[in-house]
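# Results of the structural survey
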Amino acid sequence: MDALQVIASATQIVSGMVGAISALEQASRNLDEAPKRIQSLSDFVYDLENLTRRIKQKHAYKLYNPQLDYQIQSLSSLIERLHPNISKARRIVSKSRAKNLAKVVWTSVAGDPLEKLVNSIRNDLNWWLESQRLAGSIEKVIESTAKTIPVRLKIKPEQGYPISSKCKFIRTSLELDSSNRVILIVGLSGIGKSCLARQVAADPPMKFVDGGVELGFGQWCSRAACNGSKDEYQRRLARKICKFLVQIGFWKKIGDENSGDLEYMCCLLQEALYGKSILILLDDVWEQDIVERFAKLYDNNCSYLVTTRNEAVYEITEAQKVELNKDDVKEISKAILLYHSFLSEEEAPGVAESLLERCGHHPLTVAVMGKALRKEIRAVKWEKAISDLSTYATCAPGPVSYVNEKEAENTLTIFRSFEFSLEAMPEDSRRLFIALAALSWAEPVPEACLESVWSVVGQENLFPLVVCKLVEGSLLMKTDSFPLYQVHDMVSLYLDCKTNDSVKILFSESSPEGIAFISPWLLTFGKETVKQIAEERTELCIGALEEKHAAITLDAVIQAVMASKSISELEASRASFSSILGPRIEKLISSNSQDLIAVTAEAITMIFSKTDYQMYFPSLEYTDAIDKLVSTLEGCEDPMIQTNISIVLAKLAEFGSPDTVHKVLQSILINQLADLLSPNNEEWHESVLTTLMSLIKAGKSNAIERMYALEIDKSLIKLLENGSEVVQHHAIVTLKAFYEVGGPPANGFLEPSNLNLLPWQVRLSLERFVFSDKSIIPLAPKPQSFEDLILKLLDNDIKQVVEAMQDLIPIVEKAGDTGIRNMILQSPLIKRLSELLQCGHSEKNSTRSESAFLLTKLACSGGEPCIKKFLEHDIIPELVKLMHCNVPELQDSSYMALHQMLFSNGGVLIINRALQMGLIEKLAHSLEGRSMKTREVNMHCILDIVELGNKACLERMLSLQVVEKFVRIEKASGGSGETLAGFLRGIDKCKNLLTAERKVMKQQVVRKAKAVLKGHKLEFHILAALDACLTEGSKGAGSSSSTGRQRK
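In this text the structure is predicted, and so the values were computed from the model without any measurement. (Residues numbered from 1 in each chain as written. Predicted model: local features only at pLDDT ≥ 70, side-chain atom pairs only at ≥ 80, totals over all residues. Heavy atoms only, no water.)

### Overview of the overall build of the protein
As a reminder, the rule being used: Working definition: helices are DSSP H or I runs of at least four residues, strands are E runs of at least two. Numbering for both runs from the N terminus. For the exposure calls, accessible area comes from a 1.4 Å probe over protein chains only, and a residue counts as buried if that area is under 20% of its type's maximum, exposed if over 50%, partly exposed in between. Should any heavy atoms of two residues lie within 4.5 Å, those residues are considered in contact.
The number of helices and strands found in the protein is 55 helices and eight strands. For the protein, the residues scored as buried account for 53% of the 1048 residues in total. In the protein, the share of contacts with a sequence separation of at least 24, taken over all contacts with a separation of at least 6, comes to 74%.

So, in structure tokens, the structure goes:
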């Protein structure tokens, strides 16, 4: 709700309250009615509080402006004045004993007290209403003020970290000294550098009118973490800068936020910060050139707070250095201890000061100890903590590497607190934490990975309780928007010391089944040294050990791949596992274990790309692989196994020799597939239709004949009549392939009578296969020839042009005929239609609309040759322009034309051109336009592209924040969730994505939506719609994630 609407609603409420006061005045003479009237007033005030809260949330980043803040605070002031008077009135009328006598006495002595309160409340309300009238119109005033104020970027301060004198010192330096643009905050690890910087940046000096923003780097973005690879380091730094550009709202200039040339990103950074005044926090910097790249930017008034513990960064001579030492944190250490121990100063034992001294007043150490002693008020427990801390100091492991001796000493101090915190935890939590040392913590780790590690070392159903203890102890941090975990850099350093212990737990002390299960997870998410061991164990389990272990490992491979957070991670994991699995599939499929064959088929369908099928499948032609797969199918009643093995058989045919194609067609159990096409088996439809498409590509008319014999086309038609939108889409694609390759059967089930019962988009796609040329009534003879109509079309008379276009429609509808299509392509028709689309005068809108309609017909009937001609004359950009005009009729006609072109045979050409010309960016930006109609047609067009696009196209949309914009549209329209659900359904329909890619991309969409919706009143409603859509589109996916545990 906008500020304008909120204040208007507030005015209505206050006006209603004035009426309620009059009713209360009448009730003061009849105290029986008074409680109802007072409750009504109380409800009014409650509504007013809600409205005030909403407007504050709406303009949260603009409330730093005094004028805007004052106007909104007037509502809060009114509420504060109303509350006590209403409470007094309620107390007066609640005196039920002798109330009539009391009324007489009170009235005679001091006047009616309720009447006095009524008058006071009335005066307050009239004061507020008068203040609004004096302001003219507070709605317009607030909105006009807010529109002229730029959004101020904001950083969330660290909870439990008090403001120190050092914080005030840095603020003063930023306010008074403009010569030093860089302030380096240096100090020992965990001493609170980042917390201090966030406190400053969360409330920056007023000269930073654009606010503050934080960008974290960490050891991941360093040359050491890249093993000295310059290219990899620059790629990672470019990725960080891309994310920064997104943070400050400059995302529209970036094609892909996950990659890019570093120098180009720095040029964009210069452009993005031009004229800006932002306090920028560069947190945990490990390389000197990172700071230098930001500091050398010009034509801006930005300043930089840099936190680092790397001495190489200290050498930046232009920077002002602020060192954070023990004396600086001593003043706030007790407040940190009390915050994390959940104790007040009075409740804390007297030995608390001794504990602080033993911790060296180090904030991270103090926080860890405070959480270990949470709600503990017994002095003896605190004394034991001090004693234990000294004991652990003698045996705490030193860091593997550190910057200097001082840093090493500090690290040991922190490690002591980690040891104590672990000792205070249950054995299960300690064992899990040490096992987690095998993981790489350079980036957040999915919860599924932690759960898999725990399944090897502990009792599976206790995982939520065990991991919760680690989070409470500050040893793990869980993100809010998605189940991901990360650790403080000092915790990561501590875990580096425990890597050998972790390897021992996971590989030496675990059962063979546990090793088989955990190896693929560590190959994906482990440290580099651990990955080498995990790769060897994965290869050994799949290729050399007993079949049971191979099946467990393949299950884990599937789960690890599906835990990927992005498409790039998925591709890396898939490439790694396909290189292991590919050379071994012959042995796996030739085994005597049907369980192993089944899970191998599942892994192949999840991991293999087209290149993998081409590389590894030809070798299976000379084995008994087909016989083994078919034997597993026979008697199998598990639909998941049936679909996975059928896909593998179909791919063998698709990438095999003619002999293999013939053998597969004779062996594959198509009757099983027909049964799975029933409306009740929706979760398997996509897999079945994928199998059918591969068989059609391989066997062509032979495959079609066998499918006709088993009435597959009848099952597809039933899906068209009763299936969901996604199922209908896949059924249309498959049925069209049937008819294009094999032609409609003589006694086919698709007749004109039942064609009319199908949805219009289905009829449009299939009607040309139902009506033969003989059944179409010949065109009535026209007085003009095609050449005559073209001449009329070239005329300047609008009336003549419109008539010519209408007369051309019957001819254009026959463009499927090669002769007619060639005649059209050789004529100036398409060029003239392109010119008519560009007419800018309003009186020519009818010709533009007719041109779009004629192009729609031509796209439907002419196919790819006509699409190529459209691209030659730049018709696509013109249609996109029309979608952005202010004439609804033209917007609709241009969208429908583009829609039909996209779904025609040459649609992929249009998408490729749209990517090249930046048209997708234009569509994405239009989602934030003021015109509701413009947003609507662009939204529909984007959903079309999602359905038809490829992986690059969809990744481009995600980087353009299309999902976030869809969420904002949902929030503005009341939030049914249908727009976002449509995006997910489009991904489900997209035939250019593999199953694993589709699942990961849907997870990304949901993750982005959750981040934007967090805390919003429509969050539950919209996320419920997304969950329902995910359940509908991927019911069968859940089975694969659980099979590993069941087999294990």
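Read on, since the account is not over.
### Focus on the packing of aromatic side chains
Rules: Planes of paired rings set the category: under 30 degrees apart is stacked, over 60 is edge-to-face and the rest tilted, where pairs are Phe, Tyr or Trp rings (Trp by its six-membered ring) whose centres lie within 6.5 Å.
Summed over all chains, the structure comprises 10 aromatic pairs. One aromatic cluster is present, formed by Phe608, Tyr613, Tyr616, Phe617 and Phe655 through successive ring pairs.

### Quick notes on helix H10 (residues 262-272)
Within the span of H10, buried status applies to Leu262, Met265, Cys266, Leu268, Leu269, Gln270 and Ala272. Residues of H10 that are buried sit in contact with helix H9 (230-247) and helix H11 (288-295).

### Quick notes on the sheet that holds strand E5 (residues 320-324)
Here is the rule: Strands are labelled as partners when DSSP assigns at least two bridges between them. All axes here are fitted lines through C-alpha atoms, helices being fitted over the stretch that makes contact, and every angle between N-to-C directions spans 0 to 180 degrees.
The sheet built from five strands is open, its strands ordered E2-E3-E4-E1-E5 with parallel pairing. The open sheet terminates on both sides in strands that have one partner only, identified here as strand E2 (212-216) and E5. Taken over all neighbouring pairs, the strand axes of this sheet differ in orientation by 20° on average, direction set aside. Direction of pairing for E2 relative to strand E3 (residues 279-283): parallel, over a ladder of five bridges. Each bridged residue has a counterpart across the sheet, and for Glu214 the counterpart in E3 is Leu281. Its contacts with the sheet place helix H7 (residues 165-176) against strand E1 (182-187), E3, strand E4 (303-308) and E5, and it is angled at close to 175° to E5. Strands in contact with H11 are E1, E2, E3 and E4; relative to E4, the strand with the most contacts, it is inclined by about 175°.

### Describing the packing of helix H23 (residues 512-525) against helix H25 (residues 547-562)
Operational definition: Reported orientations rely on four angle classes, namely roughly parallel under 35 degrees, roughly antiparallel over 145, roughly perpendicular from 65 to 115, and oblique for the rest. Whether a crossing is left-handed or right-handed is set by the direction in which the near helix is turned from the far one by less than a right angle, anticlockwise for left-handed and clockwise for right-handed. Under the scheme applied, nonpolar residues are Ala, Val, Leu, Ile, Met, Phe, Trp, Tyr, Cys and Pro; charged residues are Asp, Glu, Lys and Arg; polar residues are all the others, including Gly.
The contact between H23 and H25 brings their axes to 8 Å, and the two run at 30°. Classed by the angle they form, the pair H23 and H25 counts as roughly parallel. Here H23 runs over H25; the crossing is right-handed. Judged by residue contacts, Pro512, Glu513, Ala516, Phe517, Pro520, Trp521, Thr524 and Phe525 of H23 engage Lys548, His549, Ile552, Thr553, Ala556, Val557, Gln559 and Ala560 from H25. Across the contact of H23 with H25, the residue classes break down as 10 nonpolar, four polar and two charged.

### Section: the pairing of E3
Among the five residues of E3, five are classified as buried, and the element is accordingly described as predominantly covered. The side-chain alternation of E3 yields two buried faces, one formed by Leu279, Leu281 and Asp283 and the other by Ile280 and Leu282. Pairing between E3 and E4: four bridges, direction parallel. What sits directly across from Leu282, in E4, is Val306.

### Digging into unusual backbone geometry
Peptide bonds are mostly trans, and most non-glycine residues show a negative phi. Backbone geometry at Lys700 places phi at a positive 50°, although glycine is not the residue there. Locating Lys700 in the fold gives a position in helix H34 (residues 685-709). Its identity as a non-glycine residue notwithstanding, Gln961 has a phi of 60°, on the positive side. By the element assignment, Gln961 lies in the loop between helix H50 (951-959) and helix H51 (962-973).

### Observations concerning the pattern of salt bridges
To keep things clear, this is the line we draw: Any carboxyl oxygen of Asp or Glu within 4 Å of a side-chain nitrogen of Lys or Arg constitutes a salt bridge here.
Summed over the entire model, instances satisfying the criterion amount to 40 salt bridges. Measuring nitrogen to oxygen at the nearest pair gives 3.1 Å for the salt bridge that ties Glu214 to Arg198. Residue Glu214 is found in strand E2, and its partner Arg198 is found in helix H8 (residues 193-202); the two are separated by 16 residues along the sequence. By relative accessible area, which is 22% here, Glu214 ends up partly exposed. By relative accessible area, Arg198 is classed as buried at 16%. Between Asp283 and Arg198 there is a salt bridge, and its shortest N-O distance comes to 3.6 Å. On the criterion of sequence distance, the pair formed by Asp283 in strand E3 and Arg198 in helix H8 is long-range, its members being 85 residues apart. On the accessibility criterion, Asp283 (8% relative accessible area) is buried. Put simply, Arg223, Glu263, Glu287, Asp289 and Arg293 are held in one network by salt bridges that share partners.

Everything listed here is a matter of coordinates, which is why it stays silent on function.
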